[in-house]
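Commentary on secondary and tertiary structure
Listed below are the residues making up each chain.
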Amino acid sequence: MGKNQNSRNLTRRTFLKLSAITGTILAVEPSFGVKEWAKAQETNDKALKIPTLCNGCTSRCGIIAYVKNGRIVNIKGNPLHPTNKGTLCARAYGAAMLTYQQDRLTTPLKKVGNQFEPISWEQAYKEIAEKLKTIINQYGPASVMYMHNPKDVGKFYGNRFMNAIGSKSIQTHHSVCYISRDVGLKYTIGATPAADTANAKYILYIGRSVADGIKPSHLKGLIKGKDNQAKIVVVDPRHSASANLGEWVPIKPGTDLALLLAIANTMIINGWYDQQFIKEHSIGFDQFRKEVSSYTPEWAEKITDIPAAKIIEIAKDLGSARPHALIDPSWKGAFGCNYINSAETARLVGLLNAMLGNINQKGGIYLSVKPKLGKLDSNLYPEPSKPEINHIDGSGVIGEYPLVPEDKGMPHRTPELIDQGKVRAVIINHFNPVRNTPDRHYNINGYQKAELMVVCDIWMSESAELADYVLPEPTYLERTEIVESLSGKKAGVAIRQKVINKIHPNTKPFSEIITGIAKEMELGHYFNFSVEELNGALLAPTGISYQELQEKGVGQTKEEVEFGKIPKLKTSSGKVEFYCKAYEEAGFAPVPTWMPPAVEPKTGEFRLIWGKQNVHSHSSTANIPLLMAVTKEYNLERAWMNATRAQQLGIKDGDLIEISSPLYTGKIKVKVTHRIYPDAIFLPGGYGAFAKNLKTSFNFGLCPNDFIKSATDPISGNGMMMEVAVTVRKG
Amino acid sequence: MSKIYVKRYSIIDRLMHWSVALGFVLLSITGFVIFFQGSASLLNSNIGSFIRILHRIGAVLFIAAPILYLLFSKKRWAWSEAFKWDKSDIGWLKAAPKHYFIGGDGMPPQGKYNTGQKLYYLFALIGGLLLAVSGLALWFDWFAGKTNFIVLIIHDLSAVILVAFFFVHLYLTSIHPRERKSFEAMATGMMEEEYAKHHHERWYNEVKETDLVVIEENKNSSKIKPITSNNLSH
Amino acid sequence: MTRYGMLIDSTRCVSCFACRLSCQTINSLEIDKAFIHFVEKEEGVYPNVKVQTLPIQCQHCEDAPCVKNCPTGASFQRKDGIVLVDEEKCIGCKYCITACPYDARVELKKDKLVQKCNFCYQELEKGNQPACVQTCIPEARIFGDLDDPNSEINIEIKKRNAKPILSQYQTKPKIYYVNEIKVQEQTEKDIAGLTSLRSDLIKPAAGMVMGAAVAGLAANYVVATAVKNKEEKEKRGEENHE
């Protein structure tokens, strides 16, 4: 075709539009007429294709960035990356726009009075270092808290820095995410496993929606399972985007534990479990059998609202499909951070999978392998040792929160620790606890009292607004990070690398920021290496060259899961623990037992449940215009309400409703649907920004955190973010 | 030399007429360039967009002038004439074909507007209204889908009918060998007394006491003198 | 011959919007303009409820009403069946938007023209699949040659009993859907008949009416002038005679 047909991305008009950065998505070149079109096509093909890792969520899929004249012109999935295999979800495309976001921070800021003033990096490093030194001298190193969403750079540099100053006060976002899952599974089967859904014959999801909280490999796994005729059952108070792919079994929120206890009981009574596996690879099964014997399907029906016959059916189907049957280890979902009984639910998930004898079996669960990475030579690069002190928030401390992993901590507790004077300085990286942990005012009041608050971010988040120093980072497309490990059936390594130069030259990646502060604190000798040197050392044992990794973005190492062979578990006994000594010592029931949710909505009230939407990663993407455009076009910010309940309250689809908890009252439009349990109200998780410089997301929608009182599950340390009852009326 | 004229159209009447006329010509040319596949296929996006802008300019002239006229002219209800029909109109219609081809008499005496003019006026009113409303609906996306398509067809049809009648109008007023005087009337506002008497007898009889003027034509200028009883007796 | 088409399996679609975003990105669209939109339909009463989402984009109809309605020929169909918009010829009249039963066309206000899904024909030339197919995680989309009986798409259309939606409008769409829930028949959109009426009847008739008017008037002019001249001649003759 000689015609210049449809050359959308080639006309002058398009180019002019694009020069206004945020007007359109990505940049293209001007071109006129037929010849130029052909030429442009040619150069389009010549665009640099650089592999890196996505930042749309924390799954870090492989992307290939198409770069022309220093601008991103397109992105595609990296077919070599095992997580996404060439595909990408919506967020990836939205995130690719981050670099050109209008709200980005461009220079270090210091709060003077109520205003932020630009300062130099040198001044920022110096002042922060000085304040840190004063605080450490006066209150001890534990009063310095480091908070982050743990990714390899933040873990390596942040933790090394904390070790260097002698503080163990490190918190990850897990207590407001999936900490309960990890704790429950750790104390039953030793670790959080992965699910081989692709080869399963029966897949049971409890509150997990792989189509809403998308990790491509999880969704692909479910689809592969479906293609292989697996029976798929989705237990969820809400008919999620995944529910359509299988059978939806609605459940009263917070009662998953009762369902699983009854399934266990039914399987035991009927012998629908792997008795040989249990005999050889577990401890405490008899106590467990005794404990669950009273949890009949009829008992569970009253609690869960799932018919006893359906419970028996699930137990039977699981049993007959074993070992190619599994209960998905989930994510945040039902047994993540949400309920007081979530850790116990997670224990049951571990134990039921064990009863199916499916550990490291095809179509079962498996314990992922990790690559063996190298280390910096400590003779050349001195390494600080880990401090031998207790975690300031009580994580892993006997008498406080003994089962909470001390490398994760409980960030939702930090405001009260500041209030108590235990924490004086907070350094936050890649995390926004002020918005993303419960109770806005508790958070604001707490963090305001911090003597020093440093936030590294790309824009002025709610947390950054409260900070004394805001340090701007380049976006993920503008920085090279450290080699990271890929775990799974096969292990591998991947790298996020710079694909374009910094748009805002006065931004610095976290690795440089930490190094800069450390140097001012006379700790520079712990950071006497470049990212490249570090990457070389990390890669050394893998046999993959740094150059090769940079070219492909991902590389496979030799570790591989041996299916069919049961590994030694990482529990204290090395076996599946139906009876857990650690629980007993911590003062909890050693054998899982029924535990009702902490909050029970009264008649007429609703439980506020919430979750992810597949176009957003909570609040971290709500400020991306491209993704918010989807929200607005399809009214995704609406609260979900059961159609029958809505009718009783005289509420129609699209009406404004008022949701109230003792803490907060907010108005939002309602989606009236049959896709939700009658006594639950669903809110999407990522809206309701209150940082005024997040111009796209500011003041749009509601954030569930505003309704929730900060509390802590004593077993796993979760933030009990679903333990809230609300009233609803027409607004 | 001097001639007697009848005052027929005020300056406001004529401004209204000519801006509607200009708008209509602009609209029909730009409209039909896009309407007919043959001419449209010669367009590119720049010329086409320009034509669409011209079409909108035409639309503003076409719509705004009558609205202003309706608001500000004392003769705002003149259009209601078009709805006043009587027996003489039927006689006119019967006699018209012969008259317009061959000429001669036999036409019943007419008012300010003859039956043909009223007929045209009627079409211009109804068709113009349809055209304007459907055009605005298309311009401002009032409808979508099937409704919009029906609106488009209404726009097409009213345009085609109006243009056909416009040809007749144009022809009779400015080309037809016997009727060109009415073009002059719309151009100058004056109609020759002779022509008025002949073509609009009833109207002439109504206004002859008040609206006659004498125009003295010199080489370079013409003087308008109101007619009084003095100079009437020529 | 190659004749491109697509299968969209809505029983696999999880309405994640990835296709929309990938399409917006590869086509450099404005943030609130998209070539793919979604129709969601919920059916049933709690707890027996189903929901289905249909991603809808240009169906590259064989008898495309947009092509028929485009005055300038900017909308055209390639030999391989892909319907495209020639931006050099599009004058932004939006007749095609009105004509499309699938709401698949988008007015790009800033560009003052209309665009739509182009099956990523530029990607096809490089041997790639359209962006929406490449990005789709649950593999809900299959793209291929409908004229090749052995193509994956043809095999899957048969196997999954995929059918075009709104086929009652006789536009012969080339996207085949697998869906368990019937799409509401949007009678509002039934304008195929009107489309034909306009292009096959109204337009030629309009030409004829206007031509006839001109011809009639010309005839009148000839006759009336002749009569007048004759009369004047006679008059002059009479005068001379006197």
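Residues numbered from 1 in each chain as written. Chains lettered and ligands numbered in written order. Predicted model: local features only at pLDDT ≥ 70, side-chain atom pairs only at ≥ 80, totals over all residues. Heavy atoms only, no water.

This brings us to the overall build of chain A. Within chain A, the regular secondary structure consists of 23 helices and 27 strands. Taking 27 Å as the expected radius of gyration for a compact globule of 731 residues, we find that chain A reaches 26 Å, a close match to that expectation. Principal-axis analysis of the C-alpha atoms places the extent of chain A at approximately 70 × 70 × 55 Å. Classification of the 731 residues of chain A by burial places 66% in the buried group. The long-range share in chain A, meaning contacts at least 24 apart out of those at least 6 apart in sequence, stands at 74%. (Helix = DSSP H or I, 4+ residues; strand = E, 2+ residues; numbered from the N terminus. Rg over C-alpha atoms; globule rule 2.2 N^0.38 Å. Buried < 20%, exposed > 50% of the residue type's maximum accessible area, 1.4 Å probe, protein only. Contact = heavy atoms within 4.5 Å.)

How big an interface is tends to be stated in terms of accessible area lost as the parts join. All names here are of chain C. Here chain C is described as being made up of domain 1 (4-188) and domain 2 (191-242). Taken together, the contact pairs eight residues of domain 1 with seven residues of domain 2. Summing both partners gives a buried area of about 650 Å² for domain 1 against domain 2, and 51% of it is carried by carbon and sulfur. Considering only the side of domain 1, the residues that lose the most area to domain 2 are Lys68, Asn69 and Tyr169, jointly responsible for 57% of the buried surface there. Inspection of the domain 1/domain 2 interface yields one salt bridge. (Domains from an automatic or database assignment. Buried area = accessible area lost by both parts, 1.4 Å probe. Salt bridge = Lys/Arg side-chain N within 4 Å of Asp/Glu carboxyl O.)

In an α-helix, one full turn covers 3.6 residues, which means residues spaced three or four apart are oriented alike. All names here are of chain C. Within helix α1 (residues 18-26), nine of the nine residues are buried, leaving the element largely enclosed by the surrounding structure. Among all positions of α1, only Ala18, Cys19, Arg20, Leu21, Ser22, Cys23, Gln24, Thr25 and Ile26 are buried. Immediately beyond the C-terminal end of α1, within one or two residues, lies Ser28, with a positive phi of roughly 50 degrees.

Let us look at helix α4 (residues 87-101) of chain B. With 15 residues, α4 of chain B should cover 21 Å at 1.5 Å per step; its first-to-last C-alpha distance of 23 Å lies within 8% of that length. Its maximal kink placed at Ala95 of chain B, α4 of chain B deviates by approximately 45 degrees, while the proline Pro97 of chain B follows within four residues. (Expected span 1.5 Å × (residues − 1). Bend = angle between axes of the 7 residues up to and from the residue.)

Taken together, the contacts link 45 residues of chain C with 41 residues of chain B. The three residues of chain C that bury the most area against chain B are Ile91, Met210 and Leu217 of chain C, which together make up 17% of that side's buried surface. Counting across the interface, chain C meets chain B through two salt bridges. Applying the counting rule to chain C against chain B returns 15 residue pairs in polar contact (both at pLDDT 80 or more). Elements supplying a minimum of two residues to the side of chain C that touches chain B: α2 (65-69), α3 (95-99) and α7 (192-241) of chain C. (Polar contact = N/O pair within 3.5 Å; in protein donor to acceptor, adjacent residues only side chain to side chain.)

So, on to the nonpolar core. Ranked by size, the top nonpolar core spans 81 residues in total, and within it Ile72, Ile75 and Val499 of chain A together with Met6, Phe17, Leu21 and Tyr102 of chain C carry the most contacts. If we skip the residues at most four places from it in the chain, Ile75 of chain A touches Ile64, Ala65, Leu88, Ala92, Tyr93 and Ala96 of chain A together with Thr25 of chain C. (Core = buried A, V, L, I, M, F, W, Y, C linked by side-chain atoms within 4.5 Å.)

Turning next to the packing of helix α1 (residues 11-35) of chain B against helix α3 (residues 45-72) of chain B. Residue and element names in this part refer to chain B. Interhelical geometry of α1 versus α3 gives an angle of 155 degrees and a closest axis separation of 8 Å. For the element pair α1 / α3, the angle class is roughly antiparallel. As for the relative orientation of α1 and α3, their crossing is left-handed in sense. When grouped by side-chain class, the residues that make up the contact of α1 with α3 number 18 nonpolar, six polar and two charged. (Axes fitted to C-alpha atoms, helices over the stretch in contact; angles between N-to-C directions. Parallel < 35°, antiparallel > 145°, perpendicular 65-115°, else oblique. Left-handed = near helix turned anticlockwise from the far one by under 90°. Nonpolar A, V, L, I, M, F, W, Y, C, P; charged D, E, K, R; others polar.)

Let us look at the sheet that holds strand β26 (residues 680-684) of chain A. Residue and element names in this part refer to chain A. What the six strands build is a closed barrel, ordered β22-β26-β23-β25-β24-β27; its pairing is mixed. Across this sheet, the average inter-strand angle for adjacent strands is 45 degrees, counted without regard to direction. One ladder, built from four bridges, connects strand β23 (residues 639-642) with strand β25 (residues 665-673); its direction is parallel. Bridging across to β25, Asn642 finds its partner in Thr673. (Pairing = 2+ DSSP bridges.)

What follows covers the sheet that holds strand β1 (residues 4-9) of chain C. Residue and element names in this part refer to chain C. If you walk across this open sheet you meet the three strands as β8-β1-β9, and the pairing is mixed. Only two strands of the sheet have a single partner each, and these edge strands are β8 (141-145) and β9 (175-178). Sheet twist, expressed as the mean angle between neighbouring strand axes with direction ignored, is 20 degrees. In this structure, β1 lies alongside β8, joined through five bridges in antiparallel fashion. Across the sheet, Leu7 pairs through a bridge with Ile142, a residue of β8.

Where helix α22 (residues 625-633) of chain A contacts α1 of chain C, the axes come no closer than 11 Å and their chain directions differ by 130 degrees. If you check the angle between α22 of chain A and α1 of chain C, you find them oblique. With respect to the hand of their crossing, α22 of chain A and α1 of chain C are arranged in right-handed fashion. Here Leu626, Leu627, Ala629, Val630 and Glu633 of chain A of α22 of chain A come into contact with α1 of chain C, specifically with Arg20, Leu21 and Gln24 of chain C.

A few words on the pattern of salt bridges. Residues and elements named next belong to chain A. Going through the model one piece at a time under the given rule, you end up with 58 salt bridges over all chains. Among the salt bridges present, the one from Glu416 reaches Arg413, with a minimum N-O distance of 3.4 Å. Note on Arg413: relative accessible area 9%, which makes it buried. A single salt-bridge network, built from bridges that share partners, covers Arg60, Glu473, Arg479, Glu481, Glu484 and Arg496.

This brings us to the pairing of strand β9 (residues 202-206) of chain A. All names here are of chain A. By the criterion of burial, β9 is predominantly enclosed, with five of the five residues buried. Regarding the hand of the β-α-β motif, the stretch spanning β9, helix α7 (residues 216-227) and strand β10 (residues 231-235) is right-handed. By the bridge criterion, three bridges tie β9 to strand β13 (residues 325-327) in an arrangement that is parallel. Counted as the bridge partner of Tyr202 is Ala325 from β13. (Right-handed = clockwise from strand over helix to strand, strands pointing away.)

Let's shift gears to the domain arrangement of chain A. Residue and element names in this part refer to chain A. Assigned domains of chain A: these are domain 1 (8-100), domain 2 (109-177 + 371-552), domain 3 (194-366) and domain 4 (606-730). Using C-alpha coordinates to define each centre, domain 3 is positioned 27 Å away from domain 4. Taken together, the 23 residues of domain 3 in the interface contact 24 residues of domain 4. A buried area of about 1,900 Å², summed over both sides, lies between domain 3 and domain 4, and 59% of it is on carbon and sulfur atoms. Looking at the side of domain 3 facing domain 4, the largest losses of area belong to Arg238, Tyr339 and Ile340, adding up to 29% of the total buried there.

What follows deals with the interface of chain A and chain C. Counting residues at the interface gives 68 residues for chain A, matched by 57 residues for chain C. In this assembly, chain A packs against chain C so that about 5,200 Å² is buried in total across both faces, 53% of it on carbon and sulfur atoms. Of the charged contacts in the structure, one is a salt bridge between Glu40 of chain C and Arg675 of chain A, with a shortest N-O distance of 3.8 Å. Every element with two or more residues in the side of chain A that touches chain C is listed here: α1 (12-18), α2 (33-45), β3 (71-77), α3 (90-95), α7, α22 and β25 of chain A. Per element, the largest residue contribution to the side of chain A that touches chain C is seven residues, and it comes from α7 of chain A. Here the side of chain A that touches chain C is composed, by residue class, of 33 nonpolar, 22 polar and 13 charged.

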